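Chain by chain, the residues:
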Amino acid sequence: MCGCVPSSGSSSAADRAPVQVSSEELITSQLFADSGLFTATELHISCENLANKDVLSKSDPFVVLYCRDKRSGQWTEAGRTEVIDNNLNPVFVKSIAVKYFFEERQPMRFEVYDVDDRNNLNNLKKQELIGTAEFMLHEVIRAKDQILRLPLSDKGKSAGTLKLHAEEVKEKLSSDIAHLTIECNGSTVSYPMLYRLFRSDGGSFFPVYQSEASRSTNGNILWHQVKIPAASLFRDDQSRQLRIELYEYSSKGSHKPVDAKDFQFSAVLDGFKLGTRFGTVVFKNVSVEKRASFLEYLFGGCQISLAIAIDFTGSNGDPDVPGSLHSMNMAKNQYIQAIRAIGETLQEYDSDKNIPVFGFGAKIPGIASTSHCFALNGNIFAPEVHTIDGVLNVYNKNMGKLQFSGPTNFAEIIRYFGDFAYWHVSNGLVFNYFVLLMITDGLITDMENTIDEIVRCSGLPMSIIITGVGDANFHDMDRLDSDTQPLFSKKLGKYAVRDIVQFVSFNKFAGNAQ
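In every chain, residue numbers begin from 1 and rise along the written sequence. A pLDDT threshold of at least 70 governs which residues receive local features in this predicted model, and a stricter bar of 80 or more applies before side-chain atom pairs are shown or counted, although totals over entire chains, interfaces and linings include all residues. Side-chain metrics in this entry use all non-hydrogen atoms of the structure; hydrogen atoms and water are not considered.

Which residues make up the overall build of the protein chain, and what values go with them?
Helix and strand assignments come from DSSP, with helices taken as H or I runs of at least 4 residues and strands as E runs of at least 2, each series counted from the N terminus. In terms of helices and strands, the protein chain carries 10 helices and 28 strands. Relative accessibility under 20% of the residue-type maximum defines a buried residue, over 50% an exposed one, and the middle range a partly exposed one, all with a 1.4 Å probe and only protein chains included. Put simply, the protein chain has 514 residues, and 52% of those count as buried. With an accessible surface of roughly 23000 Å², the protein chain has 50% of that area assigned to carbon and sulfur atoms. Accessible areas in this description were obtained via Shrake-Rupley with a 1.4 Å probe; residue shielding takes into account the shown protein chains only.

So what's going on with helix H8 (residues 411-426)? Residues and values would help.
Multiply 1.5 Å by the residue count of a helix minus one, and that product is the helix's expected span. When the terminal C-alpha atoms of H8 are compared, their 22 Å separation across 16 residues agrees well with the 22 Å that a helix rising 1.5 Å per residue should span. A positive backbone phi angle near 80° is found at Gly428, which sits one or two residues after H8.

Could you give an account of the nonpolar core, with specific residues and numbers?
Think of a nonpolar core as a cluster: buried Ala, Val, Leu, Ile, Met, Phe, Trp, Tyr and Cys residues, connected wherever their side-chain atoms sit within 4.5 Å. Ranked by size, the top nonpolar core spans 37 residues in total, and within it Ile308, Ile310, Phe312, Leu376, Val391, Tyr395 and Leu402 carry the most contacts. For this core, the secondary structure elements donating two or more residues are strand E18 (303-311), helix H6 (334-346), strand E19 (354-360), helix H7 (387-398) and strand E24 (432-440). Tallying contributions element by element places H6 first for this core, with 7 residues. In contact with Ile310, not counting residues within four places along its chain, are His326, Tyr335, Ile339, Val357, Phe358, Gly359, Phe360, Leu376, Tyr395 and Ile439. Membership of the second largest hydrophobic core comes to 31 residues, among which are Phe360, Ile451, Val455 and Val501. Should any heavy atoms of two residues lie within 4.5 Å, those residues are counted as being in contact.

Quick one: what's the story with the packing of H6 against H7, residue by residue and with numbers?
Structural elements are reduced to axes, namely lines fitted to C-alpha atoms, with helices fitted over the stretch in contact, and the angle between N-to-C directions of any two is expressed from 0 to 180 degrees. Direction vectors running N to C along H6 and H7 enclose 160°, while the axes themselves pass 10 Å from each other. On the basis of the axis angle, H6 is roughly antiparallel to H7. As H6 runs across H7, the sense of the crossing is right-handed. Residues Tyr335, Ile336, Ile339, Arg340, Gly343 and Glu344 of H6 lie in contact with H7, whose contacting residues are Ile388, Asp389, Val391, Leu392, Tyr395 and Asn396. In terms of residue class, the contact of H6 with H7 is made up of 7 nonpolar, 2 polar and 3 charged. Every angle not falling under 35 degrees, over 145, or within 65 to 115 is termed oblique; those three ranges are roughly parallel, roughly antiparallel and roughly perpendicular. Should the near helix be turned anticlockwise from the far one by less than a right angle, the crossing is termed left-handed; should it be turned clockwise, right-handed. For this classification, Asp, Glu, Lys and Arg are treated as charged, while Ala, Val, Leu, Ile, Met, Phe, Trp, Tyr, Cys and Pro are nonpolar and the rest, including Gly, are polar.

Explain the packing of H8 against helix H9 (residues 447-457) to me, and be specific about the residues and the numbers.
Two elements in contact, H8 and H9, have axes whose closest approach is 9 Å; the angle formed by their N-to-C orientations is 15°. Considering their axes alone, H8 and H9 lie roughly parallel with respect to each other. Here the hand of the crossing between H8 and H9 comes out left-handed. The residues of H9 that touch H8, namely those facing Ala411, Ile414, Arg415, Gly418 and Asp419, are Asn449, Thr450, Glu453, Ile454, Arg456 and Cys457. Looking at side-chain class alone, the contact of H8 with H9 contains 4 nonpolar, 3 polar and 4 charged residues.

Account for the pattern of salt bridges, with residues named and values stated.
Basic side-chain nitrogens of Lys or Arg form a salt bridge, by our definition, when they fall within 4 Å of a carboxyl oxygen of Asp or Glu. Under the definition given, this model contains 18 salt bridges. Residue Arg456 is joined to Glu453 by a salt bridge in which the shortest nitrogen-to-oxygen separation is 2.9 Å. Linking Arg456 with Glu453, this pair stays in helix H9, spanning 3 residues, or about one helical turn. One connected set of salt bridges, linked through shared partners, spans Glu42, Glu167, Arg199 and Arg235.

Can you lay out the packing of aromatic side chains for me, pointing to particular residues and giving the numbers?
Stacked, tilted and edge-to-face pairs are distinguished by plane angle, under 30 degrees for stacked and over 60 for edge-to-face with tilted covering the rest, among Phe, Tyr and Trp rings (Trp via its six-membered ring) whose centres lie within 6.5 Å. In the structure shown here, the tally under the stated rule is 14 aromatic pairs. Between Phe312 and Phe404, the aromatic rings sit 5.7 Å apart at their centres with planes inclined by 50°, giving tilted as the arrangement. With a gap of 92 residues between them, Phe312 in the loop between E18 and H6 and Phe404 in strand E23 (residues 403-404) connect regions that are remote in the sequence. An aromatic cluster of at least three residues, connected via ring pairs, comprises Phe312, Phe374, Tyr395 and Phe404. When the NZ atom of lysine or the CZ atom of arginine is within 6 Å of a ring's centre and also within 35 degrees of its normal, the charge is said to sit over that ring. The ring of Tyr247 is capped by Arg196, whose NZ or CZ atom sits 4.6 Å from the centre of that ring.

Lay out unusual backbone geometry in plain terms, naming residues and giving numbers.
A cis amide bond, omega 0°, links Gly406 with the succeeding residue Pro407. With respect to the helices and strands, Pro407 occurs in the loop between E23 and H8. Of note in the backbone geometry, Asn218 takes a positive phi value of approximately 55° without being a glycine. Tracing the chain through its elements places Asn218 in the loop between strand E11 (204-210) and strand E12 (221-222). A positive phi angle is found at Asn285, which is not glycine, with a value near 50°.

If you had to explain the sheet that holds strand E14 (residues 241-248) to someone new, which residues and values would you point to?
Strand pairing is defined by DSSP finding a minimum of two bridges between the two strands. On the basis of which strands lie adjacent, the open sheet formed by 4 strands has the order E11-E10-E14-E15 and antiparallel pairing. Each edge of the sheet is formed by a strand with only one pairing partner; in this case those strands are E11 and strand E15 (256-264). Strand-to-strand twist of the sheet, defined as the mean angle between neighbouring strand axes without regard to direction, takes the value 30°. Pairing analysis gives 8 bridges linking E14 to E15, with the strands arranged antiparallel. When the bridges of E15 are listed, Tyr247 appears paired with Pro257.

Explain the confidence of the model for the protein chain to me, and be specific about the residues and the numbers.
For every residue, the pLDDT score states the predictor's confidence, bounded by 0 at the bottom and 100 at the top. In this model, the protein chain carries a mean pLDDT of 84, and residues with pLDDT of at least 70 account for 88%. Per-residue pLDDT stays below 50 along residues 5-36; that stretch engages in 93 contacts with residues further than four places along the chain or on separate chains.

Explain the pairing of strand E1 (residues 39-48) residue by residue, including any values.
In terms of burial, E1 is largely enclosed, as 7 of its 10 residues are buried. As paired elements, E1 and strand E4 (residues 96-100) share 5 bridges and run antiparallel to each other. By the bridge assignment, Thr41 is partnered in E4 with Val98. When E1 meets strand E8 (residues 157-168), the two strands line up antiparallel, connected through 8 bridges. Bridge pairing in E8 places Cys47 opposite Leu162.

I'd like to hear about H6, residue by residue, with values.
With 13 residues, H6 extends 18 Å from end C-alpha to end C-alpha; this agrees with the ideal 18 Å at 1.5 Å per step. Most of H6 sits inside the fold, with 11 of its 13 residues counted as buried. N-capping of H6 is provided by Asn333, with a side-chain oxygen placed 2.9 Å from the backbone N of Tyr335. N or O atoms within 3.5 Å of each other form a polar contact, as long as, within protein, one can give a hydrogen and the other can take it, and as long as residues adjacent in sequence are counted only when both atoms are side-chain atoms.

How would you sum up the pairing of strand E10 (residues 193-201)? Please name residues and give values.
Burial within E10 is extensive, with 8 of its 9 residues counted as buried. In the sheet, E10 pairs with E14 via 7 bridges, with the strands oriented antiparallel. What sits directly across from Leu197, in E14, is Ile244. With 6 bridges joining them, E10 and E11 adopt antiparallel strand pairing. What sits directly across from Phe198, in E11, is Pro207.

Given below as structure tokens:
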């Protein structure tokens, strides 16, 4: 174990090979918080004086962190920041979670990129490298004030400085969500403004949110509603010191700070206002939404029901051809590896272990058109099999009867599963929670329809775990796994009630026998 909390991004330019792990390691590291003798740590990242890779403007940088696996010696992506436009001195809001093991040497590597292709952010070969830096995790932990400056270089040339600030996460934090809307009334400025929120810890302030830029209308500046984890905003302590900083927006990225005020979230709950040089900052619609943890659901008597959906689109390759993700060589079949690795762990939470199994993206016997939701056992009214062994049996038995086709559509199967969950709720069966495991190899082709269905289902007792196999670009999956910004359905005209999608890149962890 390298001590990083893995992300769903793509591989680095550095060489790396798949890493063998157990199913328990895969699930606990991605879906639940695993245990061990470590210190949970967040790394806050900023850069100074980056080398400019653009000619007519400034670079649009983002940072990728890798850790070296102690068993394989290969580099694995641990996380990445957001992109900040036109800025050679970026302060990133998105931090990266790692686990510090006191007794281990934990090599880390930062790569800073300038965005060249926004449509393929996960493909680092299509972005321009600004610079790299390597360090040991203990260096920042032991540094004064846990602040470490690393020189960036590219091909032996200086490329700027990366500033790293480590923050220990001392307590087990809740899943609660803080809601608030911020306005600036009586504004005297005509230019667009944005704001940033900061959380204090140990005498330092860490950025946790940046708003969009908004211009004054009739003397009032209105920004979008904020939904942010309470753990990120105030570490579940409403008396913790927070800070709001107001900026004059610049399209070149060099936003000019114009004022800053400190406050506490507990005061905001009581209808707090802050006077600034450019108007009165007003906090509206402030609340904290209680989110029960997974264990709290289980302790409360909730029954977990697992279903599995498998991608049979043509992009997986002919099972009889070497290299197919559905290879007849079971040792090389990534779908079998993913079903066993993830399914065996999830089925332990399923009370009866009767698992509906679906397929999508194939033509089934007797039907000329592509089906985007079919029961793998042929009986849509009784699609269940018993245990993961039953799933693998029905997969092996029926895969050869299918004609792999396309495109890769998710919406229909999510709609079917959501209707199933809704039926239980509407009939008073409120102690059931439904988990849909979708295993796929590539790019989704009905993104907007899928977002519509996810938003529609977001208030139901269900979650969707999307597992990507193979080496395709899974950037769109990061969009569905909306950890920082709730999904919005244009068709329904509303945001998702909660984030119900978790994306797992299987090749980050599972061994590939090819």
